[in-house]
Amino acid sequence: MMTLAGALLGMKNDSAIDFGNDIMNMVTNRQSMLPIYYEDEVPFEYSKKYDKEEYLLEIYKKLGIKILQEADNFFYSVILPESISIVQDDDNYGYCIKDSNGETLIHYYDIGTFYHRTVAVDKVYIIL
């Protein structure tokens, strides 16, 4: 689609193909899955406005994370901005969302087997 858009904009064929490939690589390489559930309490000042999942969505939005859809009962399919990365903890079940300076913004975990699985954000280190 992006190659076609480039061609319609008057790009030469090779440039349009490169344009389409660059967009797809950027989107594909930045696509990830992030938890739907937030296990901590919503800060008092936001508790009347948001429930846990709405608050988490607002945090994701503040970080520039684009929610594509619910991938399953545990995760959203998302596109991460260039300044955000996901790093696995040393404990092998926890993950950190870090900024470009290496500071942890969010911590979440994915524990258990398929039938007894728990996936949740347990710490948010930023505020709205």
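Computed from a predicted model, the values in this text were never measured in an experiment. (Residues numbered from 1 in each chain as written. Predicted model: local features only at pLDDT ≥ 70, side-chain atom pairs only at ≥ 80, totals over all residues. Heavy atoms only, no water.)

Enquirer: Sorry, what's going on with the overall build of the chain here?
Expert: Tallying secondary structure elements over the chain gives three helices and seven strands in all. Each of the 128 residues in the chain was classed as buried or not, and the buried ones make up 33%. For the chain, the proportion of contacts with a sequence separation of at least 24, taken over those separated by at least 6, is 40%. (Helix = DSSP H or I, 4+ residues; strand = E, 2+ residues; numbered from the N terminus. Buried < 20%, exposed > 50% of the residue type's maximum accessible area, 1.4 Å probe, protein only. Contact = heavy atoms within 4.5 Å.)

Enquirer: Sorry, what's going on with the side chain of Asp 122 here?
Expert: Among the structural elements, Asp 122 can be located in strand β7 (residues 118-124). Salt bridges are absent for the buried Asp 122, whose nearest opposite-charge side chain, Lys 123, sits at 6.2 Å. Side-chain polar atoms of Asp 122 contact the side chain of His 107, separated by 2.7 Å. (Lys, Arg positive; Asp, Glu negative; His and termini not counted. Salt bridge = Lys/Arg side-chain N within 4 Å of Asp/Glu carboxyl O. Polar contact = N/O pair within 3.5 Å; in protein donor to acceptor, adjacent residues only side chain to side chain.)

Enquirer: Would you explain the sheet that holds strand β6 (residues 104-111) in this entry?
Expert: The strands making up a sheet associate through backbone hydrogen bonding, with each pair oriented either parallel or antiparallel. The four strands are arranged β4-β5-β6-β7 in an open sheet whose pairing can be described as antiparallel. Because the sheet does not close on itself, it has two edges, and the strands there are β4 (85-88) and β7. Mean inter-strand twist for the sheet, computed between neighbouring axes without regard to direction, equals 25°. By the bridge criterion, six bridges tie β6 to β7 in an arrangement that is antiparallel. Residue pairing for β7: Tyr 108 is matched across the bridge by Val 121. (Pairing = 2+ DSSP bridges. Axes fitted to C-alpha atoms, helices over the stretch in contact; angles between N-to-C directions.)

Enquirer: Can you walk me through the pattern of salt bridges in this structure?
Expert: Enumeration according to the criterion identifies three salt bridges in this entry. For Lys 61, the salt bridge is made with Glu 58, and the minimal N-O distance between the two is 3.8 Å. Taken together, the residues Lys 61 and Glu 58, both in helix α3 (residues 52-62) and three residues apart, mark about one turn of the helix. Lys 61 sits in the exposed class, given a relative accessible area of 57%. Among the residues examined, Glu 58 registers a relative accessible area of 22% and is labelled partly exposed.

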